[in-house]
Amino acid sequence: MTYFSSDHPTENLNSNKMASQTQGIQQLLAAEKKAADKVAEARKRKARRLKQAKEEAQSEIEAYRLEREKQFKEFESKHLGSRDDVAAKIDKDMKMKLDVINRCMASNKELVIQQIMSYVYEIKPAIHKNIRLD
């Protein structure tokens, strides 16, 4: 009996074995690619969740800041009045004090001028107490 190379039983086993190994390798590569795709998708989902969580946290922080600012302004207006009221009160007090100063100056102006003039015109020559007459 003559065997052709493809008809030999050991060669058929080897070729079946190699085909089986190649098919197994292909399956492993496909499974590895599928696993890598799943890992990549999971990383993308995680990144999206982190980004969404960060945006939600920022919006919560902004809402909290606005609420606290509102509370502070209410407290400030309750205890101090509004800034316009405070500025108006300061202006009113300043005008009252300036009026008092101006009236005081007007009433004492002549007296002060007379005193200055008397000091200038009434010169009393005297020897200074530190001068020695030896």
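Residues numbered from 1 in each chain as written. Predicted model: local features only at pLDDT ≥ 70, side-chain atom pairs only at ≥ 80, totals over all residues. Heavy atoms only, no water.

The protein chain carries the name V-type proton ATPase subunit G in an unreviewed UniProt entry, which gives Daphnia galeata as its organism. Comment text from UniProt for the protein chain, heading Sequence similarities (unreviewed entry), reads "Belongs to the V-ATPase G subunit family." Of the comments in the UniProt record for the protein chain, the one headed Subunit (unreviewed entry) reads "V-ATPase is a heteromultimeric enzyme made up of two complexes: the ATP-hydrolytic V1 complex and the proton translocation V0 complex." (UniProt positions renumbered as here; feature names shortened; annotations may be inferred.)

1. Here we look at the overall build of the protein chain
When its secondary structure is counted, the protein chain shows 2 helices and 0 strands. Within the protein chain, buried positions represent 1% of all 134 residues. A total of about 13,500 Å² of accessible surface is found on the protein chain, and carbon and sulfur atoms cover 59% of it. (Helix = DSSP H or I, 4+ residues; strand = E, 2+ residues; numbered from the N terminus. Buried < 20%, exposed > 50% of the residue type's maximum accessible area, 1.4 Å probe, protein only. Areas by Shrake-Rupley, 256 points an atom, 1.4 Å probe, with all protein chains shown as cover.)

2. Some points on the pattern of salt bridges
Overall, the coordinates contain 5 salt bridges when judged by the stated rule. With a shortest N-O distance of 2.5 Å, glutamate 62 and arginine 65 are connected by a salt bridge. Remark: arginine 65 and glutamate 62 occur in helix H1 (residues 9–80); sequence separation between them is 3 residues, near one turn of the helix. Ionic pairing is found between lysine 73 and glutamate 69, a salt bridge with its closest N-O pair at 4.0 Å. Here lysine 73 pairs with glutamate 69, and both are found in helix H1, just 4 residues apart, close to one helical turn. (Salt bridge = Lys/Arg side-chain N within 4 Å of Asp/Glu carboxyl O.)

3. Overview of a nonpolar patch on the surface
Where nonpolar side chains cluster on the molecular surface, the patch consists of Val112, Ile113, Ile116, Met117, Val120 and Tyr121 and spans about 560 Å² of accessible area. By the secondary structure assignment, tyrosine 121 is in helix H2 (residues 83–121). Overall, tyrosine 121 belongs to the exposed group, its relative accessible area being 62%. (Patch = residues over 30% accessible without salt bridge, like charges linked within 9 Å, V, L, I, M, F, W, Y side chains within 5 Å.)

4. Details of H2
The end-to-end C-alpha distance of H2 is 54 Å, a good match for the 57 Å that 39 residues give at a rise of 1.5 Å each. Along its length, H2 reaches its greatest deviation from straightness, about 50°, at asparagine 108. (Expected span 1.5 Å × (residues − 1). Bend = angle between axes of the 7 residues up to and from the residue.)

5. Looking at a positive patch on the surface
There is a patch of like positive charges on the surface, built from Arg43, Arg45, Lys46 and Arg49. Its location among the elements puts arginine 43 in helix H1. Owing to a relative accessible area of 62%, arginine 43 belongs among the exposed residues under this scheme. (Lys, Arg positive; Asp, Glu negative; His and termini not counted. Charge placed at Lys NZ, Arg CZ, Asp CG, Glu CD.)

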